[in-house]
Amino acid sequence: MKILSAEQVREVDKYTIENEPIPSIDLMERAAHAFTDWLISHFSPKSKVAVICGTGNNGGDGLAVARMLLGKKYQVDTFAVKRSNEASADFKINEKRLNEIKPVREVTTEKGIPLLEEFDVIIDGLFGSGLSREVQGLHADVVEMINKSRKTVVSIDIPSGLFTDHHTFPGAVVEADYTLTFQVPKLAFFFPENAQYVGEWYVVDIGLSAEAIDQQRSHYYMLTSEMISKLLKPRKKFAHKGDHGRALIMSGSYGKMGAAVLCARAALRTGIGLLTMYIPTCGYDIIQSTVPEAMAIPDEGDHFLTSYTDLENYDAVGVGPGIGKEQETVYSLMQSIQTYKKPMVIDADGLNIISEHGEMLEILPKNTIITPHPKEFERLVGKWSDDFEKLALQKDFARKHDIIVVLKGAHTSVALPSGDIFFNSTGNPGMASGGSGDVLTGMITSLLGQGYIPEEAAKIGVFMHGLAADLAAEVIGEIGMVATDITDFIPEAYQQFK
Ligand SMILES: NC(=O)C1=CN([C@@H]2O[C@H](COP(=O)(O)OP(=O)(O)OC[C@H]3O[C@@H](n4cnc5c(N)ncnc54)[C@H](OP(=O)(O)O)[C@@H]3O)[C@@H](O)[C@H]2O)[C@H](O)CC1
Ligand SMILES: [K+]
């Protein structure tokens with residue numbers, strides 16, 4: 001699913017109005033209906049609802065929503081924050097329509113700001129995609145009242161005060177519990193720095209022209225199950241283990257063999273035909289007894305990797321989880337990068353080593369997939385001041401080194417050398433514990449070994465990893481979830497695509 005900027009949404013909006021064709025007031029009605037439908041399925045008609053409107057089209061949506069909720073017998077009070085008589089044409093039409101049913105209360109001074117304590121739900125229609133500057137004065141006071149109210153806040157399209165296409169400095173921004181955004185996701189929603197404003201967010205379809213969306217050029221996408229299902233290859237009836245690839249994973253050190261075990265199990269659960277684990281001697285018995293499906297080649301080093309093995313016969317090589325940063329391990333990594341000519345998967349200490357030995361970046365096989373978490377990424381590229389800058393760094397790094405950068409986080413993002421970025425839509429906070437990254441490395445290596453091209457392996461791996469965790473959370477919740485649970489639910493994640 002494409003992610004579009006505010007400007008692009010305006011163009012798609014215009015195209016839809018002209019070509020469907022549909023009068024803009026009817027398009028607003030459609031948006032308001034989609035929003036109201038969600039609302040009535042989540043809040044009972046006993047809820048007391050305050051709708052807070054600006055005087056642009058976001059406010060117009062708010063007025064239409066208020067009218068629709070009144071029609072469904074909700075108790076609704078509507079407030080329009082006005083600093084002048086200027087308002088959009090569709091706002092004015094909806095104001096007239098609503099006034100005929102229940103008058104809109106005007107807020108023109110600070111004193112006129114309503115007490116929100118008496119309401120259960122607050123609908124935020126102050127500003128949407130037309131926000132052009134920081135929110136100040138009366139509007140800022142209203143935002144502060146909304147945030148102080150501690151009531152359930154649902155934002156229309158975008159939390160008021162949040163810029164979707166560049167960094168928003170802390171200030172007057174609505175902190176929504178839910179944001180229902182129209183037609184396409186907005187870039188700012190994917191960043192940790194905006195989580196407190198956006199809350200849980202959903203995309204609602206308001207029937208904007210699919211053709212117009214197709215025509216918009218965007219580097220940003222959200223991974224959806226539709227996209228993943230198109231990538232997955234079914235298994236052939238007469239397939240044998242040799243058809244599903246051979247992968248080798250270099251992983252583990254003394255005290256960190258768990259990383260290797262998790263990685264191995266995840267690779268197997270993701271469907272690799274034959275898996276070999278290259279591990280230090282101390283990990284030999286551990287791997288052989290905990291992952292009997294995998295073969296094991298012990299390195300000469302007892303506690304950590306010191307060398308490498310013949311990599312040529314493997315369809316995919318993953319390296320990094322739990323390997324540590326000993327000098328001999330640096331050599332081991334360097335040698336494998338130099339000898340293996342196909343794309344690799346590099347994670348964790350593999351990346352920490354690379355950040356201390358920049359020369360390795362220059363020799364990474366093209367389309368190698370690296371999977372840093374933010375701290376590892378910082379070691380590679382330096383600090384950033386906000387999440388938009390982080391995204392730019394990720395994009396540049398992928399382009400410059402011709403690699404795929406999978407930056408882990410609440411919406412893990414996959415940056416391709418082409419400049420395209422795919423944000424994940426699966427996953428939950430239960431994954432924020434030791435070992436989930438090792439699982440991802442195993443999964444992506446497995447997919448690469450099965451013949452998926454690196455871009456596909458990264459996208460499928462990231463999506464399935466989050467989906468497995470979501471399925472695990474449904475059964476055991478988020479708090480007690482551990483990395484092994486994610487691995488155990490990988491088969492169920494695949495079942496969703498049967
Ligand atoms: N295609 C769709 O998705 C549809 C979206 N709809 C809804 O429309 C809004 C966008 O409406 P728009 O009128 O363009 O913009 P806003 O409602 O956000 O507000 C614009 C007005 O607010 C003024 N403004 C902007 N920033 C500030 C500020 N910081 N303080 C005070 N006033 C501000 C702005 O003034 P300018 O000086 O910048 O011109 C405008 O007067 C979208 O989000 C959806 O909710 C449609 O209803 C359906 C189709
Ligand atoms: K809003």
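All residue numbers here refer to positions counted from 1 along the written sequence of the relevant chain. To read the labels, note that chains go from A and ligands from 1, taken in the order they are written. For this predicted model, a pLDDT threshold of at least 70 governs which residues receive local features, and a threshold of 80 or more governs which side-chain atom pairs are given and counted, while totals over whole chains, interfaces and linings are taken from all residues. The side-chain quantities take in all heavy atoms of the structure and omit both hydrogens and water.

Caption draft 1: Expanded view of the packing of helix α12 (residues 348-356) against helix α14 (residues 374-381). Note on geometry: axes are lines fitted to C-alpha atoms, helical ones only across the stretch in contact, with angles between N-to-C directions running from 0 to 180 degrees. For the purposes of this entry, the term helix denotes a DSSP run of H or I that reaches at least four residues, the term strand denotes a run of E that reaches at least two, and both are numbered from the N terminus. Between α12 and α14, the least distance of the axes is 8 Å, while the angle of their chain directions is 20°. In this view, α12 runs roughly parallel relative to α14, as classed from their interaxial angle. As for the relative orientation of α12 and α14, their crossing is left-handed in sense. Where α12 approaches α14, its residues A348, L351, N352, I354 and S355 are matched on the opposing element by E376, R379 and L380. We call two directions roughly parallel when the angle between them is under 35 degrees, roughly antiparallel when it is over 145, roughly perpendicular when it lies between 65 and 115, and oblique otherwise. Two helices crossing with the near one rotated counterclockwise from the far one by less than a right angle form a left-handed crossing, whereas a clockwise rotation gives a right-handed crossing. Every residue pair with non-hydrogen atoms within 4.5 Å of one another is taken to be in contact.

Caption draft 2: Examining the state of the cysteines more closely. By convention in this document, the label disulfide applies to cysteine sulfur atom pairs within 2.5 Å. Counted according to the given criterion, the structure contains zero disulfides. C263 carries a free sulfur, and the closest cysteine sulfur to it, the one in C282, is 16 Å from it. Each residue is placed in one exposure class: buried if its accessible area under a 1.4 Å probe, protein chains only, is under 20% of its type's maximum, exposed if it is over 50%, and partly exposed if it falls in between. Judged by its relative accessible area of 21%, C282 falls in the partly exposed class.

Caption draft 3: Here's a closer look at the UniProt feature "binding site: K(+)" (unreviewed entry) in the protein. Under the local residue numbering, the UniProt record ascribes the feature "binding site: K(+)" (unreviewed entry) to N58, D124 and S160. Look at the named residues: they lie 103 residues apart in sequence, but the longest C-alpha span between them is just 9.2 Å, so in the fold they bunch up. Following the sequence through the fold, N58 ends up in helix α3 (residues 57-71). According to the relative accessible area criterion, N58 is buried, its value standing at 8%. Examined against the element boundaries, S160 turns out to sit in the loop between β5 (152-156) and β6 (178-182). By relative accessible area, S160 is classed as buried at 0%. Once residues within four sequence positions are removed from consideration, S160 is found in contact with N58, D124, G125, L126, F127, S155, A172, V173 and V174. In protein, a polar contact means a hydrogen-donor-capable atom and an acceptor-capable atom, both N or O and within 3.5 Å, with residues adjacent in sequence counting only if both atoms are side-chain atoms; elsewhere, any N or O pair within 3.5 Å suffices. Polar side-chain contacts of S160 include one of 2.4 Å to the side chain of D124. UniProt positions are given in the numbering used here, feature names are shortened, and annotations may be inferred rather than shown by experiment.

Caption draft 4: Highlighting helix α5 (residues 137-148). In this model, α5 (twelve residues) spans 17 Å end to end at C-alpha, consistent with the 16 Å of a helix rising 1.5 Å per residue. Regarding α5, the residues found buried are L138, H139, A140, V142, V143 and I146. Turning to α5, the residues buried within the fold contact β1 (48-53), β2 (75-81), β3 (105-107), β4 (121-125) and β5. The positive-phi residue at the C-terminal boundary of α5 is R150, with phi of around 60°. A helix is expected to reach a length of 1.5 Å times the quantity of its residues less one.

Caption draft 5: Just the pattern of salt bridges, in detail. When a carboxyl oxygen of Asp or Glu lies within 4 Å of a side-chain nitrogen of Lys or Arg, that pair is called a salt bridge. One pass over the structure, following the stated rule, counts 19 salt bridges. For E95, the salt bridge goes to K82, with nearest N and O atoms at 2.7 Å. Of this pair, E95 sits in helix α4 (residues 89-99) while K82 is found in the loop between β2 and α4, placing the two residues 13 residues apart along the sequence. No difference in accessibility class separates E95 from K82, as the two residues are buried. Where K148 meets E144, a salt bridge forms, and the shortest distance between an N and an O atom there is 3.0 Å. With K148 and E144 both in helix α5 and four residues apart, this pair spans about one turn of that helix. Residue classification places E144 among the partly exposed residues on the basis of a relative accessible area of 41%.

Caption draft 6: Up close: the domain arrangement of the protein. Examined at the domain level, the protein breaks down into domain 1 (6-218) and domain 2 (225-495). For domain 1 versus domain 2, the separation of C-alpha centres amounts to 41 Å. Counting residues at the interface gives 14 residues for domain 1 and nine residues for domain 2. Accessible surface is computed with a 1.4 Å probe, and the buried area is the amount of it that two parts give up when combined, taken over both parts together. Summed over both sides, the interface of domain 1 with domain 2 buries roughly 890 Å², with 72% coming from carbon and sulfur. Contact with domain 2 buries surface across domain 1, with F190, F191 and E193 losing the most and accounting together for 54% of the total. Summed over the shared surface of domain 1 and domain 2, the number is one residue pair in polar contact (both at pLDDT 80 or more). Split by residue class, the side of domain 1 that touches domain 2 holds seven nonpolar, five polar and two charged. What marks off one domain from the next here is an automatic or database domain assignment. Classification convention: Asp, Glu, Lys, Arg as charged; Ala, Val, Leu, Ile, Met, Phe, Trp, Tyr, Cys, Pro as nonpolar; all other residues, Gly among them, as polar.

Caption draft 7: Structural view of the packing of aromatic side chains. Stacked, tilted and edge-to-face are the three classes assigned to paired rings of Phe, Tyr and Trp, where Trp is represented by its six-membered ring and a pair needs centres within 6.5 Å; plane angles under 30 degrees give stacked, over 60 edge-to-face, the rest tilted. For the coordinates displayed, the defined rule picks out 14 aromatic pairs. Lying over the aromatic face of F119, K48 brings its terminal NZ or CZ to 5.6 Å of the ring centre. Here, a charge over a ring is recorded when the distance from Lys NZ or Arg CZ to the ring centre is within 6 Å and its angle to the ring normal is within 35 degrees. Note that K459 overlies the ring of F422, its terminal NZ or CZ placed 4.0 Å from the centroid.

Caption draft 8: Focus on the coordination of the potassium ion (ligand 2). Note that water is not among the atoms considered, so a metal site may appear incomplete; the donors listed are N, O and S atoms within 2.8 Å of the metal, with 3.2 Å applied to Na, K and Ca. Taken together, N58 (OD1), D124 (O), F127 (O), I156 (O), I158 (O) and S160 (OG) make up the protein donors of the potassium ion (ligand 2), found 2.6 to 3.0 Å from the metal. Irregular is the default label, applied whenever a site is not tetrahedral (four donors, all angles between 85 and 135 degrees) and neither square planar nor octahedral (four or six donors, opposite donors over 155 degrees apart, all other angles between 65 and 115). Taken together, the six donor atoms coordinating the potassium ion (ligand 2) span angles of 65 to 173° at the metal, a pattern that classifies the geometry as irregular. For the potassium ion (ligand 2), all donor residues lie on one chain, and their spacing in sequence is N-x65-D-x2-F-x28-I-x1-I-x1-S. In this pair, N58 is assigned in helix α3 and F127 in the loop between β4 and α5, connecting sequence segments 69 residues apart.

Caption draft 9: Representation of the sheet that holds strand β9 (residues 246-250) within the structure. Note on pairing: DSSP must find at least two bridges between two strands before they are called paired. If you trace the ten strands from one edge of the open sheet to the other, you get β8-β17-β16-β15-β14-β13-β12-β9-β10-β11, paired in mixed fashion. The open sheet has two free edges, formed respectively by β8 (220-222) and β11 (295-298), since each of these has just one partner strand. Where strand β14 (residues 369-370) and strand β15 (residues 404-407) come together, two bridges link them in parallel fashion. Its bridge partner lying in β15, I370 is registered against V405. With respect to the sheet, helix α15 (residues 387-401) is in contact with β8, β14, β15, β16 (413-415) and β17 (421-423), its orientation differing from that of β15 by roughly 150°.

Caption draft 10: Region of the structure containing unusual backbone geometry. Geometrically, the link from E20 to P21 is a cis peptide bond, its omega value of -20° lying close to zero. Here P21 lies in the loop between α1 (6-19) and α2 (24-42). A positive phi is found at R150, a non-glycine position, where the angle reads about 60°. Along the chain, R150 falls in the loop between α5 and β5.

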